Amino acid sequence: MVYSRRGSPGSRLLLLWLLLVYWKAGSGQLHYSISEEAKHGTFVGRIAQDLGLELAELVPRLFRVASKGRRDLLEVNLQNGILFVNSRIDREELCRRSAECSIHLEVIVDRPLQVFHVEVAVKDINDNPPRFSRQEQRLLILESRMPDSRFPVEGASDLDIGANAQLRYKLNPNEYFDLDVKTNEEETNFLELVLRKSLDREETQEHRLLVIATDGGQPELTGTVQLLINVLDANDNAPEFDKSIYNVRLLENAPSGTLVIKLNASDADEGINKDIVYFFSNLVLDDVKSKFIINSNTGEIKVKGELDYEDCNSYEINIDAMDKSAFPLTGHCKVVVKLLDVNDNTPEMAITSLFLPVKEDAPVSTVIALITVSDRDSGANGQVTCSLMPHVPFKLVSTFKNYYSLVLDSVLDRESVSAYELVVTARDGGSPSLWATASVSVEVADVNDNAPAFAQSEYTVFVKENNPPGCHIFTVSAWDADAQENALVSYSLVERRVGERALSSYVSVHAQSGKVYALQPLDHEELELLQFQVSARDAGVPPLGSNVTLQVFVLDENDNAPALLAPRVGGTGGAVSELLPRWVGAGQVVAKVRAVDADSGYNAWLSYELQPAPGSARIPFRVGLYTGEISTTRSLDETEAPRHRLLVLVKDHGEPALTATATVLVSLVENGQAPKASSRASASAVGPEAALVDVNVYLIIAICAVSSLLVLTLLLYTALRCSAPPTEVVRTRGNPTLVCSSAVGSWSYSQQRRERVCSGEAPPKTDLMAFSPSLPQGPTSADYPRQPNPDWRYSASLRAGMHSSVHLEEAGILRAGPGGPDQQWPTVSSATPEPEAGEVSPPVGAGVNSNSWTFKYGPGNPKQSGPGELPDKFIIPGSPAIISIRQEPTNNQIDKSDFITFGKKEETKKKKKKKKGNKTQEKKEKGNSTTDNSDQ
């Protein structure tokens, strides 16, 4: 007889189809299906084509497939992009009796990184026959049992699912028993052997039946079990339970000894046949007996071992109640224990496919790692969410079910943070919730995004001239915030032309150390300032670089000896010959030695000494220490030698001092042999007082004109300063301003070339000579050096007109830079090459806090300047400027305010003066003769 499973197959198939459609809609990107036990190489799907990938890019993009659990079940042919079966697939081994069974694949390709999720459903085939737990089942049945009595029989189980697991049972034909199939709440078959006819032990003591179980697969598979029925004689009332099936719900973490249920069976017999004992049926498996225990007298079932919902969520316990008669009768029931899940499993987390290190220029949303989470609990206890520690430039993105991607959320900067220690937390939805953490170390790879940087934008270097070739003068150093080869800095010159020569012929820089070397001796007279740039470049790809400016000031050394200027009157052998009347008084200027020095500062400050001739008597001449004027020390008479050979030693103030020697031949002649001197004397006798008055008038007019211009200039300057907003002179620490002084002023050179000379209104110049006036100095700030003032101001002695010297009261100052010490020093003296011009010389002992200069006439004017008289012109030593003081006759109508002019010592200036004619020359000679006579 064949019995089928109860229920409506059509409704179950519809429900299964709806679940399958819903599952497909919420699953991965691709879905395939394959039957279990498929052969090796069985086609599954064209995965590359379905994912939209070209076959040619599978290998370059590192196409790979990863699966959870066994990794060799499915494989992809990279030549044609086909997913095929690689090894045997057993659905029962993968999913046991789960209704849904699928293999989840992760398809990963690089460049760019993409992750695809593919699910391959494994379809069940009828490859497992129905199986009974035992080969033979033994039943004890009293002969007194009434027809329609039922006896439980263990059913078969089929590892397949669906129709392949729908079992039908058939009992071999007999006259006493039928087989009845029932379905419990769990939709499992419950077999009962039904007695159709009363047994007679005396007729047959044992019955052997064969139960055949057939599944619904194609082809059908069967399983059999042998039923051995022993017929007992005696007790005719068996114990009975209230229910045939008891359902119990129990927490999985119930401790040992917890009461599961207390059974109560009743027996209608009397006496000993009424006493009942309880015990597990022979159908109960050993695993169930290890978890539960039953009290045979009370019928209490208690927990014996450890229960775990994740291992087994329900237990079926068959209980027999037997009376104590000699021929006991037995009652049967089934206790179904369903375990309730407790949140006792922490989430599990696996981090795979780490793409490290991460470049600091990686774009946002770059995938760093793939994270998989799981929880063995069910329901809310098994729902896991992932979170990332706050305040990091990363975030978690859920890609599919319990799969997350760790992606970049903001821009990285290795120079700020070179590595991150991330903590990923997986937390379930239980109460209280459980969590697990995992650490991910993310290293940030360096990218060449920082150029080498210098500590300063400009450096100032002072180098003495005549340095040895190849000497080290400075070291530049740049720092790069990058790492490894991106931080390796090399140095080079920024090539340019310096005059007619290349910069590389003067200096070089070491590529690794940054040391700057002078390749040749530097000459202060040829090159005072060498400005160039050094480039620092790293070794990154592409390389980055920056430049720094070096200003090399060449300091002067005493390497030039004084040079004598060509004499005005020719002599023999390079000596100067002068004719002198025999009857001259003391202090008469005989000649003037003129010399220049190419050096500057003290090295160009010249002094003159008269060397005594060996073996000669004391000579009646002397030489001015700083003027070079040779004059008589006493009145000459007829006893003097007719010829004197004078040796004048010209010496500078350098260390060591350099010298030059000039020879002057002085011949004493009678008055008749010096017509030029006599004419000068007569002219001076005619009108010395008139010439003196004219000079005083001109001087007063000039002083008034200059004073008017000065007042007008001050008023205009005050008005402009009041109307214009205050301007600030930018000064940068570490960039000193070099200010060098001469006897009548100072010149400044700004390294930044931003300081404005005068009032700050004119454009910057690099070769400007600025003259500092003698204005009283107001309070100055200690933070900034005093600004050179280019205005010209006469001293009090010149305004008064009572003295023959002009004092320039402004001291020369050499400033080393902001906050540096100030040193005052006297400047150079030299003579103008024009014989008729005046000269300026410092007083003896000039140097500290004094730079006063005295104007004197040349040898053509032996008479010293009277009160109120001024020299025609004088030269500023060490500079190309000439100060000319014009003295015009009374009847010459010119602008008296412009009697001081500035010019350059050039040959063109000399030529212009020579073109004025002999008339002007004769007037000056007459004036000089008058002065000589007045001195006598």
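Residues numbered from 1 in each chain as written. Predicted model: local features only at pLDDT ≥ 70, side-chain atom pairs only at ≥ 80, totals over all residues. Heavy atoms only, no water.

If you look the chain up in an unreviewed UniProt entry, it shows as Protocadherin alpha-C2 from Piliocolobus tephrosceles. Here the chain is described in UniProt, under the heading Subcellular location (unreviewed entry), as follows: "Cell membrane". (UniProt positions renumbered as here; feature names shortened; annotations may be inferred.)

Undergrad: Can you tell me about the state of the cysteines, naming the residues and giving the values?
TA: Taken as a whole, this structure holds 1 disulfide when the rule is applied. Linked covalently through their sulfurs, C95 and C101 form a disulfide whose S-S length is 1.9 Å. Taking the sign of the S-S torsion, 70° for the link of C95 and C101, the bridge is right-handed. Grouping residues by exposure puts C95 and C101 together as buried. (Disulfide = S-S within 2.5 Å. Buried < 20%, exposed > 50% of the residue type's maximum accessible area, 1.4 Å probe, protein only.)

Undergrad: Lay out the sheet that holds strand 51 (residues 643-651) with the relevant residues and their values.
TA: Strands sit in the order 45-52-51-48 across an open sheet of 4 strands; the sheet is mixed. Of all the strands in the sheet, just strand 45 (576-581) and strand 48 (607-611) have a single pairing partner and so form its edges. Strand-to-strand twist across the sheet, computed as the mean angle between neighbouring axes with direction ignored, equals 30°. Strand direction decides the pairing type here: strand 48 and strand 51, joined by 5 bridges, are antiparallel. Counted as the bridge partner of Y608 is V650 from strand 51. (Pairing = 2+ DSSP bridges. Helix = DSSP H or I, 4+ residues; strand = E, 2+ residues; numbered from the N terminus. Axes fitted to C-alpha atoms, helices over the stretch in contact; angles between N-to-C directions.)

Undergrad: Tell me about the packing of aromatic side chains, and please be specific about residues and values.
TA: Scanning the entire structure with this criterion turns up 9 aromatic pairs. Ring geometry for F394 versus Y420: centroids 5.4 Å apart, planes at 80°, classification edge-to-face. A residue pair is termed long-range when its members are at least 10 positions apart, and F394 in strand 29 (residues 394-400) and Y420 in strand 31 (residues 419-428) qualify at 26 residues. Taken as a pair, F394 and Y420 share a single burial class, namely buried. A connected cluster of aromatic rings, assembled from ring pairs, spans Y602, W605 and Y626. (Phe/Tyr/Trp six-rings, centres within 6.5 Å; stacked < 30°, edge-to-face > 60°.)

Undergrad: So what's going on with the nonpolar core? Which residues, and what values?
TA: Counting residues in each nonpolar core, the largest one holds 28 residues, and the members touching the most others are Y491, V507, L530, F532 and V534. Mapped by element, the contributors of at least two residues to this core are strand 34 (458-464), strand 35 (471-475), strand 37 (489-493), strand 40 (507-509), strand 41 (515-518), strand 42 (529-538) and strand 43 (545-555). Setting aside its immediate chain neighbours within four residues, V534 contacts F454, V476, Y491, S492, L493, V494, V509, S546, N547, V548 and L550. (Core = buried A, V, L, I, M, F, W, Y, C linked by side-chain atoms within 4.5 Å. Contact = heavy atoms within 4.5 Å.)

Undergrad: So what about the pattern of salt bridges? Which residues, and what values?
TA: Per the counting criterion, the structure on display carries 25 salt bridges. Between D148 and R196 there is a salt bridge whose closest N-O contact spans 3.3 Å. Residue D148 is located in the loop between strand 9 (136-142) and strand 10 (150-153), and its partner R196 is located in the loop between strand 13 (189-195) and strand 14 (206-214); the two are separated by 48 residues in the primary sequence. According to the relative accessible area criterion, D148 is exposed, its value standing at 52%. A salt bridge links K395 to D409; the shortest N-O distance between them is 3.8 Å. With K395 in strand 29 and D409 in the loop between strand 30 (403-408) and strand 31, this residue pair connects regions lying 14 residues apart in the sequence. Given the relative accessible area of 35%, K395 is considered partly exposed. Through salt bridges that share partners, E136, R138, E206 and R208 make up one connected network. (Salt bridge = Lys/Arg side-chain N within 4 Å of Asp/Glu carboxyl O.)

Undergrad: Explain the sheet that holds strand 10 residue by residue, including any values.
TA: Backbone-to-backbone hydrogen bonds pair the strands of a sheet. The strands run either parallel or antiparallel. In spatial order, the strands read 10-13-12; together these 3 strands make up an open sheet with antiparallel pairing. Each end of this open sheet is capped by a strand with a single partner; those strands are strand 10 and strand 12 (177-183). When the angles between neighbouring strand axes are averaged without regard to direction, this sheet yields 35°.

Undergrad: A description of unusual backbone geometry should follow, citing residues and the corresponding values.
TA: Cis geometry marks the peptide bond from R111 to P112; its omega dihedral reads -5°. Positionally, P112 belongs in the loop between strand 7 (102-109) and strand 8 (114-123). The omega torsion of the bond from S431 to P432 falls at -5°, within 30 degrees of zero and hence cis. In this fold, P432 is placed in the loop between strand 31 and strand 32 (435-445). The residue L62 is not glycine, and still its phi comes out positive at about 55°.

Undergrad: Would you mind going over the pairing of strand 24 (residues 330-340) in detail, with residue names and values included?
TA: Counting buried positions along strand 24 yields 9 of 11 residues, so the element is predominantly enclosed. Relative to strand 24, strand 17 (residues 245-251) runs parallel, the two sharing 7 bridges. Directly across from N247, in strand 24, lies its bridge partner V336. Of the pairings in the sheet, the one linking strand 23 (residues 314-323) to strand 24 comprises 9 bridges and is antiparallel in character. Bridge assignment links M322 to a residue of strand 24, and that residue is T330. Between strand 23 and the antiparallel strand that follows it, strand 24, lie 6 residues.

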